[in-house]
Amino acid sequence: MEKIKIREFLLKKRKLINLHNKEKYNDLIKKKLNHWFDKNLKYILYNNLVVAFFWPIKYEPDITPVLYRLFEKNVTVCLPIIKKKDEKLIFMKWDNLSNMQEGYYKILEPTNNQLVDPNIIIVPTLGYTINCDRIGYGGGYYDKTLRSLSSISNHNITTIGISWNCGFINKYYKKEKYDYVLDVILTPNGWIPKEPKNLF
Ligand SMILES: Nc1nc2c(c(=O)[nH]1)N(C=O)[C@@H](CNc1ccc(C(=O)N[C@@H](CCC(=O)O)C(=O)O)cc1)CN2
Ligand SMILES: Nc1ncnc2c1ncn2[C@@H]1O[C@H](COP(=O)(O)OP(=O)(O)OP(=O)(O)O)[C@@H](O)[C@H]1O
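Residues numbered from 1 in each chain as written. Chains lettered and ligands numbered in written order. Predicted model: local features only at pLDDT ≥ 70, side-chain atom pairs only at ≥ 80, totals over all residues. Heavy atoms only, no water.

The name an unreviewed UniProt entry assigns to the protein is 5-formyltetrahydrofolate cyclo-ligase, from the organism Candidatus Kinetoplastidibacterium kentomonadis. Check the Catalytic activity (unreviewed entry) section of the UniProt entry for the protein; it says "(6S)-5-formyl-5,6,7,8-tetrahydrofolate + ATP = (6R)-5,10-methenyltetrahydrofolate + ADP + phosphate". Quoted verbatim from the Sequence similarities (unreviewed entry) field of the UniProt record, the comment on the protein reads "Belongs to the 5-formyltetrahydrofolate cyclo-ligase family." (UniProt positions renumbered as here; feature names shortened; annotations may be inferred.)

This is the structure in structure tokens:
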């Protein structure tokens, strides 16, 4: 199946998750993500690592409580900004005080103009394979952004895709050459291929 067809299929499946299951699955994702951040918190703070989240749209998991929690613990957290359609994303600090504003696709974005380069990037993921290939909404935004961040010298990044279980794509899927392969995927069922190593 080609990418566009897979995307349509996955969008349909995602819409069918009922509200009860959605809450249950969302909770599982949040718990696992909080647990991993707790284990790595000291290292993140000591090294001033910046963590990028996403503001949820259209049936995506909502992990903003994890963002609030890290913010309370003094971690620098940020969100993506679309400056120009189809160009790479930039990241702006989220600081609670900043009034958020709707950007492209009506996604809420911070407005404080404090730009940062994240080290740990939580990536909205519509579909994934066991090799951590990712399909998103189709702008190529994260492919361009992650390639660019990974090429900054002395800047290490860890990429964590967040998907519902139903985002699974079978092994016959062939990624395209510009697709950025993520380090790990987190679903309600757990980490793929396995929980990322502790950072320290
Ligand atoms: N929460 C969240 N933020 C994100 C992303 C994401 O997937 N999720 N993105 C990940 O890259 C970027 C935005 N990408 C998006 C790409 C397409 C559409 C969208 O609604 N497309 C319409 C077509 C509309 C149009 O062409 O103008 C559609 O699919 O119906 C939304 C977001 C940056 N921020
Ligand atoms: N590094 C790149 N340079 C130029 N164009 C790119 C690059 N990466 C992706 N693209 C273009 O972006 C388009 C959409 O890519 P793709 O279908 O992989 O999006 P996606 O990963 O699903 O979306 P997103 O990351 O926005 O959620 C492709 O047609 C491709 O030509």
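Moving on, there is more to tell.
Peer 1: I tried to follow helix 2 (residues 19-46) on my own but got confused; where do I start?
Peer 2: Each α-helix turn comprises 3.6 residues. Residues three or four places apart therefore point the same way. Helix length check: helix 2, at 28 residues, gives a terminal C-alpha distance of 39 Å against a target of 40 Å (1.5 Å per residue), a fit within 8%. The sharpest bend along helix 2 measures roughly 60 degrees and falls at Asn-40. Taken residue by residue, helix 2 has Asn-26, Ile-29, Leu-33, Asn-34, Trp-36, Phe-37, Asn-40, Leu-41 and Ile-44 as its buried positions. At the N-terminal boundary of helix 2, the capping side chain belongs to Asn-18, with an oxygen 3.1 Å from the backbone nitrogen of His-20. (Helix = DSSP H or I, 4+ residues; strand = E, 2+ residues; numbered from the N terminus. Expected span 1.5 Å × (residues − 1). Bend = angle between axes of the 7 residues up to and from the residue. Buried < 20%, exposed > 50% of the residue type's maximum accessible area, 1.4 Å probe, protein only. Polar contact = N/O pair within 3.5 Å; in protein donor to acceptor, adjacent residues only side chain to side chain.)

Peer 1: Is there a simple way to explain the site of ligand 2 in this structure?
Peer 2: Close to ligand 2 lie 16 residues, the nearest being Lys-3, Arg-7, Arg-134, Gly-136 and Tyr-141. Tyr-137 is positioned with one of its backbone polar atoms (N or O) 3.1 Å from an oxygen atom of ligand 2. Separating an oxygen atom of ligand 2 from a backbone N or O atom of Gly-138 is a distance of 3.0 Å. In isolation ligand 2 offers 650 Å² of accessible surface; the protein chains occlude 70% of this area. When contributions to the shell around ligand 2 are tallied by element, the ones reaching two or more residues are helix 1 (3-15), strand 9 (134-135) and helix 4 (141-150). Sort the elements by how many residues they give to the shell around ligand 2 and helix 4 lands first, with 5 residues. In terms of residue class, the shell around ligand 2 is built from 5 nonpolar, 4 polar and 7 charged. (Near = heavy atom within 4 Å. Areas by Shrake-Rupley, 256 points an atom, 1.4 Å probe, with all protein chains shown as cover. Nonpolar A, V, L, I, M, F, W, Y, C, P; charged D, E, K, R; others polar.)

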